[in-house]
Each structure stands twice: as structure tokens, then as C-alpha cells.
Amino acid sequence: MLAASVNLLCAPCNGVWMSSIEQAALPRLASVAQLETQDLSPEDLTVIAEWAVAVTVLRGELDVDIKSFAVESAHAFRRRGLSALEVGVWLVAVDAELLMRKGAESAHTYWNDIDLTRTGQIAIYWLGPLAIVVTVGDHIEVCTPGLNLAGKAVVKAWPDPVGMAWPPASSILDSTLLRLTGLPEDSLPAAFSARERPPG
């Protein structure tokens, strides 16, 4: 996972707290990313969502251009979990566009305030045929209608997760996911370039 010492979270948070999130999430992430047939419970979805949000919080401290959450919000998340934050998380079954992915399987991309009027951020984590979309602030309302258009390719992980079968009945192209979330398609090759690293 992201191995770094950051100012936002103290050593016990980075160690004990983040470690417990990773231990709970990684087996679930591995099986979901490998498209293993299973029934995802609301608990499974919440655990995956918590991991994705924790990575987003930490990533915001590693890049001066990204500030996902205020310090107070990050601390509230550590104490109270996902319910302390204004976030939306979705799992999306994606069909890899190999030329755009440049032969890589994992990547992440972050976008702040796309039109300079919105608060929050969009983060997308690609793990092979799985994309995890994290929306913060105003971008929750911006992305939700588009993701709803993807139909059965999308599983809502937070808030109000509802258990359902995985993998979903359909999938969408990487470029379609970007269009549905309002991101420019040229952000996909950039996400899979050598300068980026997978979140795990």
C-alpha cells in the first residue's frame, strides 16, 4: 500500500489504523479484481469503500496539488469511519482499452475542481478489470447521474451499500467510465504512464 509518513495522520493511525483497514480490504479487493463469482454483502462493500477513501486521504497528503480532505475531516474519518465524510464510492466493472492503458493493469488518477466552481475531488483506482471511483464534495452529485447510466456495470459501495452479486452482468469501457464521471479521456493514458503508481 501507500507507504509514507504523512502529517495528516499520526503514527498509530498510519500503523495500527491503516493496517487494520488494509488487512480487512485486501482479500476482498483481490477476489473482486479477479472477477471471482461471489455475493458482496453491504459489509464487504463498506470495507472496500473505507480502504479507497483512506488511500484518497493519504494520497492528498503526498501530493501538494491534491488536498482531498481538511485535517479535521480526516481525523473525524479516523474516529467515526465513512459516516463522518461527504463521499460516494462505486465499484465499476471495466473493459480494458489496452492501447490507452499502455500494457499496465493498475493506476490511479485524481482530479480537483474540474470547472473551478466545485468543491471536492474525483479519484479513480484501476485494478485490472475493476475501477473504484471515489467522489468527494460537489462531485458526488456531478458523478452520480453518469454512473447510474452505466446500469449493471456499477455497484454502489457507499453510502447505503446494498449487497449484490459480483461480477455484475455488464461492463463498460475505460473511456466510457471517464465520460460518465466528466473526466477528459486523455487522463486515462496519463494515469497509466510510468509516473503513476498503483494504489496497492
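Calculation notes
Residues numbered from 1 in each chain as written. Predicted model: local features only at pLDDT ≥ 70, side-chain atom pairs only at ≥ 80, totals over all residues. Heavy atoms only, no water. Helix = DSSP H or I, 4+ residues; strand = E, 2+ residues; numbered from the N terminus. Buried < 20%, exposed > 50% of the residue type's maximum accessible area, 1.4 Å probe, protein only. Contact = heavy atoms within 4.5 Å. Areas by Shrake-Rupley, 256 points an atom, 1.4 Å probe, with all protein chains shown as cover. Salt bridge = Lys/Arg side-chain N within 4 Å of Asp/Glu carboxyl O. Core = buried A, V, L, I, M, F, W, Y, C linked by side-chain atoms within 4.5 Å. Arc of directions from axis to C-beta. Axes fitted to C-alpha atoms, helices over the stretch in contact; angles between N-to-C directions. Parallel < 35°, antiparallel > 145°, perpendicular 65-115°, else oblique. Pairing = 2+ DSSP bridges.

K.L.:
So, the overall build of the protein: which residues are in play, and what are the values?
P.N.:
A count of helical and extended segments in the protein gives seven helices and eight strands. By residue count, 50% of the 200 residues in the protein fall in the buried class. Contacts spanning at least 24 positions in sequence make up 69% of the contacts within the protein whose residues lie at least 6 apart. Of the roughly 9,100 Å² that the protein leaves accessible, carbon and sulfur atoms contribute 55%.

K.L.:
I'd like a rundown of helix α6 (residues 174–181), residues and numbers included.
P.N.:
The buried fraction of α6 is high, at seven of eight residues. Residues of α6 that are buried: Asp174, Ser175, Thr176, Leu177, Leu178, Leu180 and Thr181. With its phi angle positive at about 85 degrees, glycine 182 sits one or two positions after the end of α6.

K.L.:
Tell me about the pattern of salt bridges, and please be specific about residues and values.
P.N.:
For the coordinates displayed, the defined rule picks out three salt bridges. Its salt-bridge partner being glutamate 43, residue arginine 28 comes within 3.8 Å of it at the nearest N-O pair. With arginine 28 in helix α1 (residues 11–33) and glutamate 43 in helix α2 (residues 42–62), this residue pair connects regions lying 15 residues apart in the sequence. For glutamate 43, a relative accessible area of 53% translates into the label exposed.

K.L.:
Give me the lowdown on the nonpolar core, citing residues and values where you can.
P.N.:
One finds Val53, Leu91, Leu130 and Ile132 to be the most contacted residues of the largest nonpolar core, which totals 39 residues. With near-sequence residues (within four places) excluded, isoleucine 132 lies in contact with Leu29, Ile48, Trp51, Ala52, Val89, Trp90, Leu91, Ala123, Ile124 and Tyr125. Listed in part, the 23 residues of the second largest apolar core include Trp90, Ala107, Ala191 and Phe192.

K.L.:
Would you mind going over helix α3 (residues 71–80) in detail, with residue names and values included?
P.N.:
Turning to α3, its buried residues are Ala74, Ala76 and Phe77. The arc that holds every buried residue of α3, seen down its axis, measures 160 degrees, which confines them to one face. Facing away from the buried surface of α3 by more than 90 degrees, the exposed residues are Glu72 and Arg79.

K.L.:
Run through the packing of helix α5 (residues 139–149) against α6, naming residues and quoting values.
P.N.:
How two helices pack is summed up by the angle between their axes together with the distance between the axes. Between α5 and α6, the least distance of the axes is 7 Å, while the angle of their chain directions is 140 degrees. With respect to their mutual orientation, α5 and α6 come out oblique. Of α6, the residues touching α5 (which contributes Cys143, Gly146, Leu147 and Leu149) are Leu177, Leu180 and Thr181.

K.L.:
Please provide a residue-by-residue account of the environment of valine 142, values included.
P.N.:
Topologically, valine 142 is positioned in helix α5. With relative accessibility at 30%, the residue valine 142 sits in the partly exposed group. For the pair valine 142 and threonine 181, spaced 39 residues apart in the sequence, the C-alpha separation amounts to 7.5 Å.

K.L.:
If you had to explain unusual backbone geometry to someone new, which residues and values would you point to?
P.N.:
Generally, phi is negative for residues other than glycine and the peptide bonds are trans, each holding for most cases. For the bond running from tryptophan 158 to proline 159, omega is -5 degrees, close enough to zero to count as cis. With an omega of 0 degrees, the peptide bond between tryptophan 166 and proline 167 qualifies as cis. If you trace the backbone, proline 167 turns up in the loop between β7 (164–166) and β8 (172–173). Backbone geometry at leucine 35 places phi at a positive 55 degrees, although glycine is not the residue there. We note that aspartate 160 has phi near 55 degrees; this positive angle belongs to a residue other than glycine. Turning to its location among the elements, aspartate 160 is positioned in the loop between β6 (154–158) and β7.

K.L.:
Tell me about the pairing of strand β4 (residues 120–127), residues and numbers included.
P.N.:
Of all eight residues in β4, seven are buried; the element is thus mostly enclosed. Sheet topology places β4 next to strand β5 (residues 130–137); eight bridges connect them, and they run antiparallel. The residue of β5 that forms the bridge with alanine 123 is valine 134.

K.L.:
If you had to explain the pairing of β5 to someone new, which residues and values would you point to?
P.N.:
For β5, the buried fraction is high: eight of the eight residues fall into the buried class. In this sheet, β5 lies alongside strand β2 (residues 87–95) in antiparallel orientation, the contact comprising seven bridges. Opposite glycine 88, over in β5, you have threonine 135 as the bridge partner. The loop that links β4 with its antiparallel partner β5 comprises two residues; one of these, glycine 128, has a positive phi angle of about 60 degrees.

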